[in-house]
Amino acid sequence: MTTIALHRNGEVRVKLNDSDSVEPKAAKDPFAGIPRHVWQSLFVLVSSIRPEWAIGEIAEAVFRYRRALPFPELSAAAIRAAQDSGTKNTSALELAMLDAADKWLEAADK
């Protein structure tokens, strides 16, 4: 599991698990080629839409899909889920991104 921690000073810290250390160098990038400050901005944006959600839980839910979806689709799915009044917690946020990943893969296969 990859853990991402956000700090008040804007610093993002990442802890990689042991299995990440045996992956090729290109796969070691825990941010999937997206700069850390861009990820942090997405987490802060979603948190500003849904302040009752903990930013750490938002980060975990969004970051889990960083390699399953291109960043524009991932961020759009996260923002749509945050704006949906029916979305009650970050578990629903994760389900929304999973659904977006499935739809994106279906479209890519056509």
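The subject of this paragraph is the pattern of salt bridges. Here the structure, examined in full by the defined rule, presents 4 salt bridges. Here Arg64 makes a salt bridge to Glu94, at a shortest N to O gap of 2.6 Å. Here Arg64 is found in the loop between helix H2 (55-63) and helix H3 (71-83), whereas its partner Glu94 is found in helix H4 (residues 90-109), with 30 residues between them in sequence. Across the pair Asp99 and Lys103 runs a salt bridge, and its minimum N-O distance is 3.1 Å. Placement of the pair is Asp99 and Lys103 together in helix H4, with a separation of 4 residues, close to one helical turn. Note on Lys103: relative accessible area 52%, which makes it exposed.

Assignment of secondary structure puts Ala61 in helix H2. Each C-alpha atom of the pair Ala61 and Phe43 lies 9.9 Å from the other, and the pair is 18 residues apart in sequence. Dropping the residues within four chain positions of it, Ala61 is found in contact with Thr90, Leu93, Glu94 and Met97.

On to H3. Over its 13 residues, H3 extends 18 Å from the first C-alpha to the last, a length consistent with the 18 Å expected when each residue adds 1.5 Å. Every buried residue of H3 is accounted for by Phe71, Leu74, Ser75, Ala77, Ala78, Ala81 and Ala82. Projection of H3 onto a plane perpendicular to its axis shows the buried side chains occupying an angular sector of 160°, all on one side. For H3, exposure combined with an orientation more than 90 degrees from the buried face picks out Pro72, Arg80 and Gln83. Contacts from the buried residues of H3 go to helix H1 (36-49), H2 and H4.

All right, on to the side chain of Arg50 then. Here Arg50 shows up in the loop between H1 and H2. Given a relative accessible area of 10%, Arg50 falls into the buried group. A polar contact is formed between the side chain of Arg50 and the backbone oxygen of Ala82, at a distance of 3.1 Å. A distance of 3.1 Å separates a polar side-chain atom of Arg50 from the backbone oxygen of Asp84. If we ignore the near neighbours within four places in the chain, the residues touching Arg50 are Ala81, Ala82, Asp84, Thr87 and Lys88.

Cut-off values and rules
Residues numbered from 1 in each chain as written. Predicted model: local features only at pLDDT ≥ 70, side-chain atom pairs only at ≥ 80, totals over all residues. Heavy atoms only, no water. Salt bridge = Lys/Arg side-chain N within 4 Å of Asp/Glu carboxyl O. Helix = DSSP H or I, 4+ residues; strand = E, 2+ residues; numbered from the N terminus. Buried < 20%, exposed > 50% of the residue type's maximum accessible area, 1.4 Å probe, protein only. Contact = heavy atoms within 4.5 Å. Expected span 1.5 Å × (residues − 1). Arc of directions from axis to C-beta. Polar contact = N/O pair within 3.5 Å; in protein donor to acceptor, adjacent residues only side chain to side chain.

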